[in-house]
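# Per-entry structural report
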Amino acid sequence: MQNILQQIGIENYIYLSVILFCIGIFGVLYRRNAIIMFMSIEIMLNAVNLLFVAFSTFHQDAQGQVFVFFSMAVAAAEVAVGLAILVSIFRNLSSIDIDNLKNLKG
Amino acid sequence: MEKNLALVLLLAPLCGFLFNVFLGKKAGKGIVGIVGTLSILVSFVASMYFFSLIQSTGKPFQVDLFKWITLEKFNVNFSFLLDQLSVLWLMFVTGIGTLIHMYSISYMHDDENMHKFFAYLNLFVFFMITLVMGGNLLILFIGWEGVGLCSYLLIGFWYKNQDYNDAAKKAFIMNRVGDLGLLIGLFILGYLFNTLDYATLKTAILSNSDILSNPLVGIAALCLFIGATGKSAQIPLYTWLPDAMAGPTPVSALIHAATMVTAGIFMVTRMHFVFDLAPYVQDVIAVIGAATAILAASIGLVQNDIKKVLAYSTVSQLGLMFLALGFGAYEVAVFHVITHAFFKACLFLGSGSVIHGLHGEQDMRNMGGLRKAMPITFWTMMISTLAISGIFPLSGFWSKDEILMTAFHGNIVLWVVGSIASIMTAFYMFRLMYLTFFGEFRGTEEQKHHLHESPSLITIPLIILAILAAIGGLISLPGNSWLNHYLAPLLSKGEHAAHHLGTTEYVLMAVATVGALLGIGLAYSKYIKNGEVPPQDSEIKGIAKTLYNKYYVDEAYETLFVNPIYRLSHFFRNYFEVFFSEVVFAFGKIANAIAIQGKSIQNGNIGLYLFAFVLGVSSILIYLFLV
Amino acid sequence: MSLLTIFYILSAITIATAFLTIISKNPIHSAIYLVISFFSIAGHYLLFNAQFLALVHIIVYAGAIMVLFLFTIMLMNLNKEDEPHKKLATKLAAAVSFGLVCFVMLAVFIKAMPIIDTYKQTGQDFQSIKVLGKVLLNEYMVPFEFASVLLLVAMIGAVLLSKKEKSIQ
């Protein structure tokens, strides 16, 4: 079986992942809507997953892909719990703007 | 079999202690007393067995339990040694201990903390047995500290009285000073010989002739002697013993007359081979012994508290014992320890009986004429008083005479001092007797109404001890001494034992007896013929005042040691502690200030947190991969 | 069409939709863009010949997670574009940190690039469903079970959290 990366080049995937990850970070910092922040986190997770798969192919090793499965499981769990928390915050504050969540003030 | 029996001997009082301390309150006073007494009786019976064993075989018996401390060259076993000396000591410790426990059942019956009292007494006996039975100096040290602890607990037994607590603390601290000396001596011996075991130490010292030139041996001997002055109440550490009379009277009898205070003499006798190498230290011991004897006796002349008189008498008698030790006459000192244990225990218990009869009255000025009300107490105390005064043929006569003879052959000045102390002893003891038992009763009407002889639990020990005080001298008659033969294998040298009964000796005996009679006569003319009663505290004048105030030694110590230490600690508290606490507080204040500033960073703005988070991750990445 | 061209097209879609997700004002639009982004990432997986992963990715992300997002958005009635504007400083800070992280990561990877210049070519099958299943259920048996426990716990937690609290008197 041919190594696809020979034609595309691993560095392209690295750049793509980095850009995706940074978009995620930008989203988290830029937006105040908690749902969009969640979505940004998903983008970051996907960037990492993509890099996992790229390196899995690079090393011709299935372990990288197995890790993606676990990462997905964790992401699914995280989203389920996180959205549940958001729902209950929304129920209490009628808002999911993080600027309204100042109860952590020291 | 013997090993188990030795353990029974050792552990029976400990079992008694554990029972009394944990179950004593529930068990009730009767059971507490019986258990306490029986546990000591078991030890006594076991001691008797070992005594007969050693009498028949003549061989010491060693019990090695386990290896305790193992360093490269330095080994200490947890071992016990039952030889002539320790068995002899065990005999009278447990024997007198049993009698005093029996006595305490009645004496302490009205005390709410009787179970505690018996627990402490049992613990004391346990530690005393440890001290005596120990096969090396370290075990001796355990016992040494343990009896010190029990002494503290028992002196302060009536802890609701602050004066008693102070007396307990004084005893503890004074003993601590001496204990430090003992410990240093122990370290030096361990450093020199790599062992603390008696037998090994003895062979190491006797086989090594170079050791004579080593000044450390002399220092070790001196340090051991300092330890002994603490425990056996010699100058300069004697002041705790008279104050220790704050404890219940059985405690004074057991600990502060018969057993614990003789631990110093036991230790010196045990380590005689070290002291024999240091003649200078022996001279020091003799001088200090004589000085203590006369100092304490002179203070005893004017004391009015019946127990204080006996306490100073004890210090004085211990001084005489050290006088004998100083001349290397260990068996003589041991002899006097034994006879003294008999008659002094009897005297203390008798005084306890008197105090009991008078419901706590201790001042002799408020006694008098008790002879008819308390005949048994009177007669037993009379026998013991005659014994301590050195009247032929009671036990004190023989033992004191041996000491004075030894002193006479060693140093005539010390003999004179010792003799004067003996005359004083006769005087103040008969002063005590006359003031207490003769003349008219000087107490209140109510006390007079309640005067009665003590119950048989109190009088039986008194009678037994009086008999022993009378015939105790038989164990070491001059010329044919059983005790000297018995101790000969241990002390090995034994040249002091050979006092040939010549003209000098008979003259000395006669002089001692005349001296004792002189003291008695003086007391008789003063207190019986003239019917004098010691004046009230405020009316004491002249030398008597100095004596009554104990030569102001306590005050001198107060000025010399206690107050400077207080001032030093005040200084440290007021300046150093303030300084250090300010420094320490400063750290807290800085942290607090930082925290107040840092609090404002944590303003609850999640956006800011995320921003900081991203920056942090970036810097970690930079640090890990790019720097 | 060469693979490289496909890669570029897919990458362009991925980045563009991801960016649109971030900047869309309407959360529903964001969600839609995110779905497209996820599909394009699935396309990347297919490019690697990792069919199983691509399938799972679509099912989990584009299916389950996105439905959950949309459901939540609907539940909260968030389709309004009423998000207030952030301060300029915040936006600037976000942009600066975006640049910083981007720079740092690229620098890291570029620094590491010399190590990864050779491509292996074993010719072995390593990413078919069969092989993956064997690896997952042999070597990673215990983590696999733990993952299932994690999902169960997450489910219970989500149910518990979103349950309506009884009002406290």
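Because the structure is predicted, anything quoted here is derived from the model rather than measured.

## So, the overall build of chain A
Counting its secondary structure elements, chain A contains four helices and zero strands. Starting at the N terminus and walking to the C terminus, you meet the elements of chain A as α-α-α-α. The 106 residues of chain A split such that 58% are buried. Once local pairs closer than 6 in sequence are excluded, the contacts in chain A between residues at least 24 apart make up 48%.

## Digging into the overall build of chain B
A count of helical and extended segments in chain B gives 26 helices and two strands. Taken across its 627 residues, chain B has 52% of its residues classed as buried. When contacts within chain B are restricted to residue pairs at least 6 apart in sequence, long-range pairs at least 24 apart make up 80% of them.

## Brief notes about the interface of chain C and chain A
One widely used convention gives an interface's size as the accessible area the parts lose upon coming together. With 72 residues of chain C in contact, the opposing surface of chain A contributes 63 residues. Contributing elements (two or more residues each) for the side of chain C that touches chain A: helix 1 (3-23), helix 2 (27-47), helix 3 (51-76), helix 4 (88-112), helix 5 (129-138) and helix 6 (141-162) of chain C. The element that contributes the greatest number of residues to the side of chain C that touches chain A is helix 3 of chain C, accounting for eleven residues. Its residues placed into classes, the side of chain C that touches chain A shows 51 nonpolar, 16 polar and five charged.

## Digging into the environment of glycine 607 of chain B
Here glycine 607 of chain B shows up in helix 26 (residues 606-626). Here glycine 607 of chain B falls in the buried class, since 20 other C-beta atoms lie within 10 Å of it. Not counting residues up to four positions away in its chain, the partners in contact with glycine 607 of chain B are Arg32 and Ile98 of chain A together with Thr90 of chain C.

## A short note on the packing of helix 9 (residues 215-231) of chain B against helix 14 (residues 279-300) of chain B
Residue and element names in this part refer to chain B. At a minimum axis separation of 9 Å, helix 9 and helix 14 run at an interaxial angle of 20 degrees. Taken as axis vectors, helix 9 and helix 14 run roughly parallel relative to one another. As for the relative orientation of helix 9 and helix 14, their crossing is right-handed in sense. Note on element contacts: helix 14 touches helix 9 through Tyr280, Val281, Ile285 and Ile288, opposite Gly218, Ala221, Leu222, Phe225 and Thr229. Of the residues assigned to the contact of helix 9 with helix 14, the class counts are seven nonpolar, two polar and no charged.

## Description of the packing of helix 4 (residues 84-107) of chain B against helix 5 (residues 114-133) of chain B
In a packed pair of helices, the relevant descriptors are the angle between the two axes and the axis-to-axis distance. Residue and element names in this part refer to chain B. At a minimum axis separation of 10 Å, helix 4 and helix 5 run at an interaxial angle of 175 degrees. For the element pair helix 4 / helix 5, the angle class is roughly antiparallel. Facing Ser86, Trp89, Leu90, Val93, Thr94, Gly97, His101 and Ser104 of helix 4, the residues of helix 5 in contact are Phe117, Leu121, Val125, Met128, Ile129, Val132 and Met133.

## With respect to helix 11 (residues 249-258) of chain B
Residues and elements named next belong to chain B. The buried fraction of helix 11 amounts to ten of the ten residues, a majority that puts the element mostly inside the structure. Within helix 11, burial applies to Thr249, Pro250, Val251, Ser252, Ala253, Leu254, Ile255, His256, Ala257 and Ala258. On its buried face, helix 11 sits against helix 4, helix 5, helix 6 (137-155), helix 10 (240-243), helix 15 (306-326) and helix 16 (330-357).

## Things to note about the confidence of the model for chain A
On average, residues of chain A carry a pLDDT of 85, and 93% of them reach 70 or more. Averaged pLDDT values over the elements of chain A bottom out at 76 in helix 1 (residues 5-8) of chain A and peak at 90 in helix 3 (residues 34-59) of chain A.

## Examining the pairing of strand 2 (residues 75-82) of chain B
Residues and elements named next belong to chain B. Sheet analysis places strand 1 (residues 61-70) next to strand 2, joined by eight bridges and oriented antiparallel. The partner of valine 63 across the bridge, within strand 2, is phenylalanine 80. Hairpin geometry of strand 1 and strand 2 is characterised by an intervening segment of four residues between the two adjacent antiparallel strands.

## Concerning unusual backbone geometry
Cis peptide bonds are those with omega within 30 degrees of zero, and the linkage from isoleucine 235 of chain B to proline 236 of chain B qualifies with 5 degrees. Structurally, the position occupied by proline 236 of chain B is in the loop between helix 9 and helix 10. If you check the backbone angles, glutamine 60 of chain A has positive phi at about 55 degrees while not being a glycine. Mapping glutamine 60 of chain A onto the fold places it in the loop between helix 3 and helix 4 (63-93). Residues other than glycine seldom take positive phi values, yet tyrosine 551 of chain B does so here, at roughly 60 degrees. In this structure, tyrosine 551 of chain B sits in the loop between helix 24 (542-548) and helix 25 (553-601). On the neighbour-count criterion, tyrosine 551 of chain B (13 C-beta atoms within 10 Å) is partly exposed.

## Considering the UniProt feature "transmembrane region" (unreviewed entry) in chain A
Taken from the UniProt record, the annotation "transmembrane region" (unreviewed entry) applies to residues 12-30, 36-55 and 67-90 of chain A. As a span, residues 12-30 of chain A carries 100% helix and 0% strand, and end to end its C-alpha atoms are 26 Å apart.

## Some points on the nonpolar core
Phe124, Ala345, Cys346 and Ala469 of chain B are the most contacted members of the largest nonpolar core, which has 203 residues in total. Counting contributing residues per domain, this core is built from domain 1 (1-209) and domain 2 (278-537) of chain B, each supplying no fewer than three. Excluding residues within four positions of it along the chain, alanine 469 of chain B makes contact with Phe342, Phe343, Cys346, Ile383, Ser384, Ala387, Leu394 and Ser395 of chain B. If you look at the next biggest cluster of nonpolar residues, it comprises 76 residues, including Ile36 and Met37 of chain A, Val614 of chain B together with Val101 of chain C.

## Remarks on the environment of glycine 95 of chain B
Residues and elements named next belong to chain B. Topologically, glycine 95 is positioned in helix 4. Its 23 C-beta neighbours within 10 Å are what place glycine 95 among the buried residues. Residues glycine 95 and valine 45 lie 50 residues apart in sequence; the distance between their C-alpha atoms is 8.8 Å.

## Thoughts on the confidence of the model for chain B
Detailed reading of the predicted model is not advised wherever pLDDT is low. For chain B, the average pLDDT comes to 87, and 98% of its residues sit at 70 or higher. For this predicted complex, the interface confidence comes out at an ipTM of 0.89, alongside a pTM of 0.68.

Cut-offs used in this document
- Residues numbered from 1 in each chain as written.
- Chains lettered and ligands numbered in written order.
- Predicted model: local features only at pLDDT ≥ 70, side-chain atom pairs only at ≥ 80, totals over all residues.
- Helix = DSSP H or I, 4+ residues; strand = E, 2+ residues; numbered from the N terminus.
- Buried ≥ 20, exposed ≤ 12 C-beta atoms within 10 Å, placed from the backbone.
- Contact = placed C-beta atoms within 7 Å.
- Nonpolar A, V, L, I, M, F, W, Y, C, P; charged D, E, K, R; others polar.
- Axes fitted to C-alpha atoms, helices over the stretch in contact; angles between N-to-C directions.
- Parallel < 35°, antiparallel > 145°, perpendicular 65-115°, else oblique.
- Left-handed = near helix turned anticlockwise from the far one by under 90°.
- pLDDT = per-residue confidence, 0-100.
- Pairing = 2+ DSSP bridges.
- UniProt positions renumbered as here; feature names shortened; annotations may be inferred.
- Core = buried A, V, L, I, M, F, W, Y, C linked by C-beta atoms within 7 Å.
- Domains from an automatic or database assignment.

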